[in-house]
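One letter stands for each residue in the lines below.
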Amino acid sequence: MDFKALMQSKTYDFLRTNPRLGDRIMLLGLGGSHAYGTNNENSDIDFRGVTLPLPSDLLGLTEFEQYEDGETDTVIYSFKKIIKLLLDCNPNTCEILGLDEDQYVIKSPLGQELIDNSGLFLSKRAARSFGGYAGAQLRRLQNAIARDSMSQKEREQHILRSVQNALDDFERKYAHSERGNIRLYIDRAVNPEMETEIFVDANYKHMPLRDYENMWSAMNSVVRDYDKIGKRNRKKDDNHLNKHAMHLIRLFMMAVDILEKGKIITHRRDDLELLTKIRSGGYMQEDGTFSKGFYEILAEYENRLEIATRQSILPDEPDMEKVEAFVERVNRQAIE
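From a predicted model like this one, the values you see are computed outputs, not experimental measurements.

Reading guide: rules and limits
- Residues numbered from 1 in each chain as written.
- Predicted model: local features only at pLDDT ≥ 70, side-chain atom pairs only at ≥ 80, totals over all residues.
- Heavy atoms only, no water.
- Pairing = 2+ DSSP bridges.
- Helix = DSSP H or I, 4+ residues; strand = E, 2+ residues; numbered from the N terminus.
- Axes fitted to C-alpha atoms, helices over the stretch in contact; angles between N-to-C directions.
- Contact = heavy atoms within 4.5 Å.
- Patch = residues over 30% accessible without salt bridge, like charges linked within 9 Å, V, L, I, M, F, W, Y side chains within 5 Å.
- Areas by Shrake-Rupley, 256 points an atom, 1.4 Å probe, with all protein chains shown as cover.
- Salt bridge = Lys/Arg side-chain N within 4 Å of Asp/Glu carboxyl O.

1. Some words on the sheet that holds strand β3 (residues 66–69)
Okay, step 1: The 5 strands are arranged β3-β4-β2-β1-β5 in an open sheet whose pairing can be described as mixed. Edge positions in the sheet fall to β3 and β5 (104–107), since each of these pairs with one other strand and no more. Taken pair by pair, the neighbouring strands of this sheet meet at an average axis angle of 15°, ignoring direction.
Okay, step 2: Bridge count between β3 and strand β4 (residues 74–78): 4 bridges; the pairing is antiparallel. Its bridge partner lying in β4, aspartate 69 is registered against threonine 74.
Okay, step 3: Lying over the sheet, helix α5 (residues 79–87) contacts β1 (25–31), β2 (46–51), β3 and β4, oriented at roughly 90° with respect to β4.

Here is the structure:
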């Protein structure tokens, strides 16, 4: 498909008419499966990009984080926001800087500079960020499989582990343990339709309401997934599981490249045979679970990531002086 020609269609007029976009767009390129090379005939077309701030964002009172167009699944980040995400080696934004040349539909001279300076943002933080995203993908697989293959009592144990993982992620992010604690455990059910269920003992003081809400939302999202039991469309959901499994391995591949080579490689040209096999169900068994072969591949990449993290020549943290100098130079040009 000619994606640059697609950009000229009326559907994408917002790229030319929105005052925050137009000639302020630094980069715009393919996202999702078309970026990775794993797309099939059912794949949506996504675009991801970066736009310069307005002078009023830097000198005045206006603020801007990102522009989203739901109809075309286009997300364009502000330069300031993407810098923050890149410093954390956020997988969804790192990949914007690792596309093939023909996968960019817009690239200004400043956009090329951002790509050329991608190494400024790479650090051993990639192990944590990509590993965290991969862990979330793995839990989705485990949760979905557990819904179908376990008894109610076993499922409750699995839910508890998944909720505890979500709670641990929250605690690492917000570090509110000094404000109190929460205990999750399984006991005889109060609900007459269940044999056992999860209970909560919580004790918090002076905790920000929004953080409290975020904590419960993180745990609730896990439980809510299990409420879909009995509502599965097996063929549709198996396709989703295979897609999750593929992205799980892809995340490990990209993380290993960053840590071993210091490079962001979004288009997985050399890995497509394995990734497409996973996505097409090559490792899913008749009972809806994944084969031993898939878990051997997963274990291999987990081990490679661990070794790459130990041996990587990347710094533990980005060089903030160099990052600051680059950001200031781009922002000066944005004002001018």
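Next comes the rest of the description.
2. Brief notes about a nonpolar patch on the surface
Okay, step 1: A grouping of Val200, Leu209, Tyr212 and Trp216 is seen on the molecular surface, where their side chains present a nonpolar patch of about 370 Å² in accessible area.
Okay, step 2: Ranked by the residues each element gives to the nonpolar patch, the list is headed by helix α10 (residues 209–226), at 3 residues.
Okay, step 3: With respect to the helices and strands, the residue tyrosine 212 is situated in helix α10.

3. Some details on the environment of arginine 183
Okay, step 1: Here arginine 183 shows up in strand β6 (residues 180–188).
Okay, step 2: In sequence terms arginine 183 and aspartate 201 are 18 residues apart; their C-alpha atoms lie 5.1 Å from each other.
Okay, step 3: Apart from the residues within four sequence positions on either side, arginine 183 is in contact with Phe199, Val200 and Asp201.

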